[in-house]
Amino acid sequence: MIDKSSASFVQSLCMGQVLEEMLVPFPTMKKGEQEMLEQVLASVNQLLAPRQKDFREWDLAGEMPKEFIEELKSFGLFGLIIPEEFGGMGFGSAAYSRVLQEIARHDGSVALTVGAHSSIGMRGLLLFGTPEQKKRWLPRLATGEMIAAFCLTEPGAGSDAAAVRTTAVRDGNDWVLNGDKLWITNGGIAQFYTVFAKTPVPGDGGKAQLTAFVVTSDMKGVSHGPHEDKMGIRASNTTTVLFEDVRLTADHVLGGVGKGFKNAMKILNSGRTGLGGGCVGGMKSLISLATKQAKERKQFGQPISSFGLVKQKIGDMVVDCYASESVVTVVAGLIDGGYEDYAVEAAISKVFATEALWRTADEALQVAGGNGYMREYPYERVVRDARINRLFEGTNDILRLFIALTGINQVAAQLKDVSQTMKGVLADPIKGFGVLSDYAKKTAAIRTGLVGDNRGFTKLHKALEPQAEEFEEEVREVAWAADRILRKHGKGIIGKQFATRRLADILIDMFVFACVLSRVSAALQEKGEEQAARELEIARVFARRVRHSVRGNLRRIDVNDDELVKSLADDAFEREAFGWDAR
Ligand SMILES: Cc1cc2nc3c(=O)[nH]c(=O)nc-3n(C[C@H](O)[C@H](O)[C@H](O)COP(=O)(O)OP(=O)(O)OC[C@H]3O[C@@H](n4cnc5c(N)ncnc54)[C@H](O)[C@@H]3O)c2cc1C
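Residues numbered from 1 in each chain as written. Predicted model: local features only at pLDDT ≥ 70, side-chain atom pairs only at ≥ 80, totals over all residues. Heavy atoms only, no water.

## A short note on the overall build of the chain
Turning to step 1, where the next piece is worked out: On a plain count of helices and strands, the chain comes out with 20 helices and 10 strands.
Turning to step 2, where the next piece is worked out: Since a compact globule built from 583 residues should have a radius of gyration of about 25 Å, the 25 Å found for the chain is in line with a globular shape.
Turning to step 3, where the next piece is worked out: Expressed along its principal axes, the backbone C-alpha trace of the chain runs to roughly 80 × 70 × 65 Å.
Turning to step 4, where the next piece is worked out: In the chain, buried positions account for 54% of the 583 residues.
Turning to step 5, where the next piece is worked out: Partitioning the contacts of the chain with sequence separation of at least 6, the portion at a separation of at least 24 is 76%.
Turning to step 6, where the next piece is worked out: Element-wise, carbon and sulfur atoms account for 53% of the exposed surface of the chain, whose accessible area totals about 27200 Å².
Turning to step 7, where the next piece is worked out: Looking at the chain, you have 73 positive and 75 negative side-chain charges, and the mean spots of the two groups are 2 Å apart. (Helix = DSSP H or I, 4+ residues; strand = E, 2+ residues; numbered from the N terminus. Rg over C-alpha atoms; globule rule 2.2 N^0.38 Å. Buried < 20%, exposed > 50% of the residue type's maximum accessible area, 1.4 Å probe, protein only. Contact = heavy atoms within 4.5 Å. Areas by Shrake-Rupley, 256 points an atom, 1.4 Å probe, with all protein chains shown as cover. Lys, Arg positive; Asp, Glu negative; His and termini not counted. Charge placed at Lys NZ, Arg CZ, Asp CG, Glu CD.)

## As for the site of the ligand
Turning to step 1, where the next piece is worked out: Near the ligand there are 19 residues, and of these Phe150, Thr153, Ser159, Thr185 and Thr395 occur at the shortest range.
Turning to step 2, where the next piece is worked out: At a separation of 3.0 Å, an oxygen atom of the ligand approaches a polar backbone atom of Leu152.
Turning to step 3, where the next piece is worked out: Take Trp183: an N or O atom from its main chain is 2.9 Å from a nitrogen atom of the ligand.
Turning to step 4, where the next piece is worked out: Protein chains shield 66% of the accessible area of the ligand, which is 970 Å² for the free molecule.
Turning to step 5, where the next piece is worked out: Put simply, the parts of the chain that give the shell around the ligand at least two residues each are strand 3 (174–185) and helix 14 (396–407).
Turning to step 6, where the next piece is worked out: In the shell around the ligand, the residues fall into 10 nonpolar, 6 polar and 3 charged. (Near = heavy atom within 4 Å. Polar contact = N/O pair within 3.5 Å; in protein donor to acceptor, adjacent residues only side chain to side chain. Nonpolar A, V, L, I, M, F, W, Y, C, P; charged D, E, K, R; others polar.)

## Considering a nonpolar patch on the surface
Turning to step 1, where the next piece is worked out: The grouping of Leu568, Phe578 and Trp580 at the surface amounts to a nonpolar patch, some 400 Å² of accessible area in total.
Turning to step 2, where the next piece is worked out: Note on Trp580: relative accessible area 49%, which makes it partly exposed. (Patch = residues over 30% accessible without salt bridge, like charges linked within 9 Å, V, L, I, M, F, W, Y side chains within 5 Å. Salt bridge = Lys/Arg side-chain N within 4 Å of Asp/Glu carboxyl O.)

## A word on the packing of helix 11 (residues 343–368) against helix 14
When two helices pack together, their arrangement is captured by the angle between the axes and the distance separating the axes.
Turning to step 1, where the next piece is worked out: It is at 9 Å that the axes of helix 11 and helix 14 come closest, and there the two elements cross at 145 degrees. The two elements helix 11 and helix 14 meet at a crossing, and its hand is left-handed. Here Ala343, Val344, Ala347, Ile348, Lys350, Val351, Thr354 and Glu355 of helix 11 come into contact with helix 14, specifically with Asn396, Leu399, Arg400, Phe402, Ile403, Thr406 and Gly407.
Turning to step 2, where the next piece is worked out: Residues that form the contact of helix 11 with helix 14 fall into these classes: 8 nonpolar, 4 polar and 3 charged. (Axes fitted to C-alpha atoms, helices over the stretch in contact; angles between N-to-C directions. Left-handed = near helix turned anticlockwise from the far one by under 90°.)

## Points about the environment of Glu228
Turning to step 1, where the next piece is worked out: Mapped onto the elements of the fold, Glu228 is located in the loop between strand 6 (222–224) and strand 7 (238–248).
Turning to step 2, where the next piece is worked out: On a C-alpha basis, the gap between Glu228 and Trp183 in space is 7.7 Å, while along the polypeptide they are 45 residues apart.
Turning to step 3, where the next piece is worked out: The residues touching Glu228, leaving out its near neighbours within four places in the chain, are Trp183, Thr238, Thr239 and Thr240.

## Structural notes on unusual backbone geometry
Turning to step 1, where the next piece is worked out: Residue Pro25 is reached from Val24 by a cis peptide bond, and omega for that bond is 0 degrees.
Turning to step 2, where the next piece is worked out: Look at Trp183: it is not a glycine, yet its phi comes out positive at around 50 degrees.
Turning to step 3, where the next piece is worked out: Looking at the secondary structure, you find Trp183 in strand 3.
Turning to step 4, where the next piece is worked out: At Asp245, a residue that is not glycine, the phi angle is positive and equals roughly 50 degrees.
Turning to step 5, where the next piece is worked out: Assignment of secondary structure puts Asp245 in strand 7.

## Quick notes on the confidence of the model for the chain
Turning to step 1, where the next piece is worked out: Mean pLDDT over the chain: 93, with 93% of residues reaching 70 or higher.
Turning to step 2, where the next piece is worked out: Counting contacts from residues 429–433, a segment whose pLDDT is below 50, to residues more than four positions away or on other chains yields 3 contacts. (pLDDT = per-residue confidence, 0-100.)

## Considering the pairing of strand 1 (residues 148–151)
Turning to step 1, where the next piece is worked out: Neither face of strand 1 is left uncovered, since the one carrying Ala148 and Phe150 and the one carrying Ala149 and Cys151 both have all their residues buried.
Turning to step 2, where the next piece is worked out: Relative to strand 4 (residues 192–201), strand 1 runs parallel, the two being bridged by 4 bridges. The residue bridging Ala149 from the neighbouring strand is Tyr193, located in strand 4. (Pairing = 2+ DSSP bridges.)

## A short note on helix 9 (residues 260–296)
Turning to step 1, where the next piece is worked out: Given a rise of 1.5 Å per residue, 37 residues ought to cover 54 Å, and the 54 Å separating the end C-alpha atoms of helix 9 matches this to within 8%.
Turning to step 2, where the next piece is worked out: When the local axis directions of helix 9 are compared, the greatest deviation, roughly 40 degrees, occurs at Gly271.
Turning to step 3, where the next piece is worked out: Extensive coverage of helix 9 is indicated by the burial of 27 of its 37 residues. (Expected span 1.5 Å × (residues − 1). Bend = angle between axes of the 7 residues up to and from the residue.)

## A word on the pattern of salt bridges
Close approach of charged atoms lets side chains of opposite charge pair.
Turning to step 1, where the next piece is worked out: Under the definition given, this model contains 33 salt bridges.
Turning to step 2, where the next piece is worked out: Asp505 is paired through a salt bridge with Arg400; the nearest N and O atoms lie 2.7 Å apart. Of this pair, Asp505 sits in helix 18 (residues 497–531) while Arg400 sits in helix 14, and the two are 105 residues apart along the sequence.
Turning to step 3, where the next piece is worked out: Close ionic contact of Asp562 with Arg502 constitutes a salt bridge, the shortest N to O distance being 2.8 Å. Of the two residues, Asp562 sits in helix 20 (residues 562–575) while Arg502 sits in helix 18, which places them 60 residues apart along the sequence.
Turning to step 4, where the next piece is worked out: By relative accessible area, which is 11% here, Arg502 ends up buried.
Turning to step 5, where the next piece is worked out: Put simply, Glu355, Arg400, Arg501 and Asp505 are held in one network by salt bridges that share partners.

## Let's talk about the side chain of Thr240
Turning to step 1, where the next piece is worked out: Secondary-structure assignment places Thr240 in strand 7.
Turning to step 2, where the next piece is worked out: By relative accessible area, Thr240 is classed as buried at 19%.
Turning to step 3, where the next piece is worked out: For Thr240, the residues in contact, after removing those within four places along its chain, are Lys181, Leu182, Ser223, His224, Gly225 and Glu228.

## What to know about the state of the cysteines
Turning to step 1, where the next piece is worked out: Evaluation of the coordinates by the stated rule reveals 0 disulfides.
Turning to step 2, where the next piece is worked out: A disulfide-free cysteine, Cys515 has its sulfur positioned 15 Å from the sulfur of Cys321, the nearest such atom. (Disulfide = S-S within 2.5 Å.)

## With respect to the environment of Arg551
Turning to step 1, where the next piece is worked out: Structurally, Arg551 is set in helix 19 (residues 533–558).
Turning to step 2, where the next piece is worked out: Of the residues examined, Arg551 reaches a relative accessible area of 33% and is grouped as partly exposed.
Turning to step 3, where the next piece is worked out: Sequence separation between Arg551 and Ile506 is 45 residues; the distance between their C-alpha atoms is 8.8 Å.
Turning to step 4, where the next piece is worked out: The contacts of Arg551, once residues within four sequence positions are left out, are Glu473, Glu477 and Val546.

Now the structure itself:
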């Protein structure tokens, strides 16, 4: 029986184990929720489908009219994840993600306005709020009377969230908040801010820790800057938010004093299926646009859809979209299924889906040719809109470091046990040899392919046997590689970003592959082999893609140009220029 409080599919993968129960069967929604979802999707389409011209104009103007935001409120789109008892729809992660998908099919700025409210702005209140705090604010957040924003980033604190300089100091029973937050989505239209500030560690005057506070826009000392002029998602509101001597009573502390850093990460992890769903929606809309465009456009006497290079792009888009939807749905299923340690899997879904959307947007524009570059068509807007996803809610680079370093946690713990036991073997031979023999069993198992009870997939449809075998083989190699990387670098792995990135890419490929297998298996079981033939083709193409990429990354662990590349970068840093002009 899997322990839902600590099980992680990816961490176990690094130990050579496949926790099949976490992924198979492919998650589905409860019937009641599914029915309600269908109604919401229908009303989203009714609201957004006729607005394409407006979205284009609002993008150019860099603003969304207030009246439209009122319409979003009246359709209940700010209450998606708020429990029904507080006036919301009470959607779980899967249904929420599906709504964001539908909104993003029509427009990225609208998806972000709704997503920033639910995914991050008010999620802290939902996750950590006291019953009184929930009662006080959730009903107004559900109707959209209050729109929410998440205020973490500052001029000196981007990826390094711990470098926050906004402070909250005690004054009697109150707190006094001072600081400036940067690039806050919904900053200028929000009434409810989740704000992260440094608070002093009790009893240690010099030290500070991060604490989250609820701040409302009607408080004295709260203001915001002008709407930023951005590359993409231009109609979504982004501003600085400024706090000057804002006085907060103790009941504005959210999730406990000093727990801010951990809670900020939990909020971001928990909200990732919203962003992932948005990316899937963007991809689906691009596939519709690009296929229609390619069939209509004739060159060399034929529709360009007949050319192999165009087919290759469209086929890749389909595989990317299917894989993204699979991983986002699995992560939502883990969250809705009560798993607590899904941070790595959620980070993988964000990295994969945002990059798949980026590839799709770029290639869809390529298929559209010169038309794609013209503002009259939506492609260039989608390219601009898609770019932000790889940057915010944790840059994909930082998330890759997180995926790899957290992924190998269990391996590191085991190696630490072994090295400590080596020291203590003579002092406590019985305990020592116990740990050593466990470790020896595991390494032998990785070599021979017999990894305890969790060797591989056992419940997948038989048509997927070749892919399941490939997966198992790759798991053994990945586990072996994780072990080797850790032995080679030890604690120093933290500074070895080339190696870490490689490991992250392997884990991303492997987890998404597992999600695709689970989904295709479910399709084969439900629809039969004939009806699910196309999905089986997707599994085959994806399996080959993963094999190629994983093998390459494994090879480059030992044989690579890392030192040469670093030296070229150092040289460029020194010159602050490219060093050669051809004459
Ligand atoms: C449109 C928009 C909306 C946003 N909305 C919000 C919001 O609602 N709330 C909020 O709090 N923030 C928001 N942000 C901020 C966003 O989350 C940050 O921009 C993001 O976290 C990156 O921080 P940074 O821009 O300071 O980049 P930096 O942290 O300066 O990073 C610059 C580059 O260096 C890399 N890098 C940094 N550290 C390392 C490292 N240790 N190892 C390797 N590479 C590294 C990064 O990956 C990146 O490529 C928004 C930003 C934008 C542009």
